[in-house]
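Residue-level structural notes
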Amino acid sequence: MAGALKCFLPLFDRVLVQRAVPVTQTKAGILIPEASQKKELTATVVAVGPGALGENGKNIPPAVQVGDEVFLPEFGGTKVTIEEKEYFLYRDSDFLAKIK
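Quick notes on the rules
Residues numbered from 1 in each chain as written. Predicted model: local features only at pLDDT ≥ 70, side-chain atom pairs only at ≥ 80, totals over all residues. Heavy atoms only, no water. Core = buried A, V, L, I, M, F, W, Y, C linked by side-chain atoms within 4.5 Å. Buried < 20%, exposed > 50% of the residue type's maximum accessible area, 1.4 Å probe, protein only. Helix = DSSP H or I, 4+ residues; strand = E, 2+ residues; numbered from the N terminus. Contact = heavy atoms within 4.5 Å. Pairing = 2+ DSSP bridges. Axes fitted to C-alpha atoms, helices over the stretch in contact; angles between N-to-C directions. Lys, Arg positive; Asp, Glu negative; His and termini not counted. Salt bridge = Lys/Arg side-chain N within 4 Å of Asp/Glu carboxyl O.

1. Considering the nonpolar core
- Core analysis: the biggest nonpolar cluster contains eleven residues, these being V15, V17, A43, V45, V48, V64, V70, L72, F88, Y90 and F95.
- Broken down by secondary-structure element, the contributors of at least two residues to this core are β1 (14-19), β2 (42-48) and β7 (85-91).
- In terms of residues, this core owes the most to one element, β2, which gives three residues.
- Setting aside anything within four residues of it in sequence, one finds V15 in contact with P10, V45, A47, V48, V64, F88, L89, Y90, D92 and F95.

2. A few points about the pairing of β7
- Looking at chain direction, β1 and β7 are connected through four bridges and run antiparallel. Each residue of the ladder has a partner; that of V17, found in β7, is F88.
- Here strand β6 (residues 78-82) hands over to β7 after two residues, with E83 in that stretch at a positive phi of 50°.

3. Points about the sheet that holds β2
- Judged by pairing direction, the sheet is antiparallel, and its six strands sit side by side in the order β6-β7-β1-β2-β5-β8 without closing on themselves. The open sheet has two edge strands, β6 and β8 (97-99), and neither has a second partner. Averaged over neighbouring strand pairs, the angle between their axes works out to 45° when direction is ignored.
- Sheet topology note: the β2/strand β5 (residues 69-71) ladder contains three bridges and is antiparallel. Opposite T42, over in β5, you have F71 as the bridge partner.

4. Here we look at the environment of V46
- Among the structural elements, V46 can be located in strand β2.
- For the pair V46 and Q65, spaced 19 residues apart in sequence, the C-alpha to C-alpha distance is 8.4 Å.

5. What to know about the side chain of D92
- When you line up the elements, D92 lands in the loop between β7 and β8.
- One buried charged residue, D92, forms no salt bridge at all, with the nearest opposite charge on K98 at 8.5 Å.
- Ignoring anything within four residues of it in the chain, the contact list for D92 reads D13, V15, P62, A63 and V64.

Next comes the structure, spelled out in structure tokens:
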């Protein structure tokens, strides 16, 4: 993990993810044009905040941990660039599923 990324800690129930890279070439070696590539809706969790504050003032722990694979909504998230790599910041409740 990069140095600047280790220092990045999301607040509350925010989660930093790195989207999966879309397939650009078939198994036979044919290159897929960018316009025909599907938008990748899976990501790997890179950093997790401490959790949301509940009504009683206690933290509600997030449902995901660093290293988990998650299924993302088609739209949403805040784009963050750290050391020339693109990451996205989501709320814990925005994820559609956790992939095992």
